[in-house]
Amino acid sequence: MELSSSLDSSQFQHTPYYCEENVYLLCKKLCANGTAEADGSDLFVVFISNEKKQACSQRADGVVLWDYHVICVQRKKGGDSPCLVWDLDSSLPFPTPLAPYVSETIQPSFQLFSEYQRFFRIVHAPVFLRCFASDRRHMKDSAGNWIAQPPAYEPIVAEDKTEHNLNEYNEIRAAEVSVNVEPDLINAVYTNKLGVVLSENQLEEFFTQVSS
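The residue numbers shown here count from 1 along each chain, following its written sequence. At least 70 in pLDDT is required for a residue's local features to be given in this predicted model, at least 80 for side-chain atom pairs to be given and counted, and no such filter applies to totals for whole chains, interfaces and linings, which use all residues. Water and hydrogen atoms play no part in the side-chain values, which are based on all heavy atoms of the structure.

A.B. asks: Quick question: what am I supposed to make of the nonpolar core here?
C.D. replies: Nonpolar side chains tend toward joint burial in soluble globular proteins. Residues belong to one nonpolar core when they are buried, are Ala, Val, Leu, Ile, Met, Phe, Trp, Tyr or Cys, and are joined through side-chain atoms within 4.5 Å. Burial status follows relative accessibility: with a 1.4 Å probe on protein chains alone, a residue under 20% of its type maximum counts as buried, one over 50% as exposed, and anything between as partly exposed. Formed by 33 residues in total, the largest nonpolar core has its most connected members in Leu30 and Phe47. Numbering goes from the N terminus for both helices and strands, where a helix is a DSSP run of H or I of at least four residues and a strand is a run of E of at least two. Of all the elements in the fold, those that place two or more residues in this core are helix H1 (19-32), strand E1 (43-49), strand E4 (69-74), strand E5 (84-86), strand E7 (119-124), helix H3 (125-131) and helix H4 (166-170). Considering every element that reaches this core, the biggest residue donor is H1, with 7 residues. The next biggest cluster of nonpolar side chains, apart from the first, holds 25 residues, and it includes Ile106, Val189, Val196 and Phe206.

Written as structure tokens, this is what we have:
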């Protein structure tokens, strides 16, 4: 499916290794420029990781391993528009409909070892924009030196003045994974600070049922 969009990934803030902050700012920009609802109600932030922080995805040039990744999924209100994935680190078109994104990046053409299976923490963007915070401590070594140069702007602080809670979002345990995609689960994503956690086989089902 071809999508017409005047937006290019180069128009968005992108600092390597700070995907959670990149997506935070992406959500804000999509709201500000009218691509998304002004309050972000049609946007969802998705953390992809697992207990060992050893996950993988498939690209045209091979397989990529990472500790965690963050993307934005847009579920537009009304109509038959497909869910869109906004991924600033993907080589796919920007944005890409959810179905081909899943088939081309999340579900590889080979069997994964169990330690590489992915879990998905889905957080409603309005909740994420209020509650997320990062002082970037995870990007410093034991001596306090930067592992990767941080963004030039100030660290993100939550509305309640929390300075760091990134670990609450990117640490995902198998025990958190929902058994079924049910109405209670759909409702929970709109209120839970840390959203809901799904397996990769539940991701598309969730977004077919959610109404923004």
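A.B. asks: Would you take a moment to explain the sheet that holds E4 for this structure?
C.D. replies: Across a sheet, strands are paired by hydrogen bonds formed along the backbone, either parallel or antiparallel in direction. When DSSP locates at least two bridges between a pair of strands, those strands are taken to pair. With respect to topology, 6 strands assemble into an open sheet ordered E6-E5-E4-E1-E7-E8, the strand pairing being antiparallel. Among the strands making up the open sheet, the edge pair consists of strand E6 (96-97) and strand E8 (196-199). Relative to E6, E5 runs antiparallel, the two sharing 2 bridges. Paired with Leu84 across the strands is Pro97, a residue of E6. Contacts between H1 and the sheet are confined to E1, E4 and E5, with E4 contributing the most and set at about 20° to the helix. Whether two residues touch is decided by their heavy atoms; if any such pair falls within 4.5 Å, the residues are in contact. Helix axes use the C-alpha atoms of the stretch in contact, all axes being lines fitted to C-alpha atoms, and the angles between their N-to-C directions lie in the range 0 to 180 degrees.

A.B. asks: What is the right way to read helix H2 (residues 98-106) from this model?
C.D. replies: Every α-helix winds through 3.6 residues per turn, so residues three or four apart in the chain are directed the same way. For H2, every residue scored as buried is listed here: Leu98, Tyr101, Val102, Thr105 and Ile106. Here the buried residues of H2 occupy an arc of 100° about the axis, which is enough to place them on one side. Note that the arc is defined by the directions from the helix axis to the C-beta atoms.

A.B. asks: In this structure, what is going on with the pairing of E8? I would like to understand it.
C.D. replies: Successive side chains on a regular strand alternate, one facing one side of the sheet and the next facing the other. Side-chain alternation along E8 places Val196 and Leu198 on one buried face and Val197 and Ser199 on a second face that is also buried. Two elements, E7 and E8, share 4 bridges in a ladder whose sense is antiparallel. Paired with Phe120 across the bridge in E8 is Leu198.

A.B. asks: How should the pairing of E4 be read in this particular structure?
C.D. replies: Here E4 lies mainly inside the structure; 6 of its 6 residues are buried. Across the two faces of E4 the burial is the same, with His69, Ile71 and Val73 and Val70, Cys72 and Gln74 all buried. Where E1 and E4 come together, 6 bridges link them in antiparallel fashion. Paired with Phe44 across the two strands is Val73, which belongs to E4.

A.B. asks: Could you clarify how one ought to interpret the side chain of Arg118 in this entry?
C.D. replies: Tracing the sequence through the fold places Arg118 in the loop between H2 and E7. Within 3.5 Å is the distance limit for a polar contact, defined as a pair of N or O atoms, with the added protein rule that one can donate a hydrogen and the other accept it, and that residues adjacent in sequence qualify only through two side-chain atoms. Here the side chain of Arg118 touches Glu200 through a polar contact of 3.1 Å, side chain to side chain.

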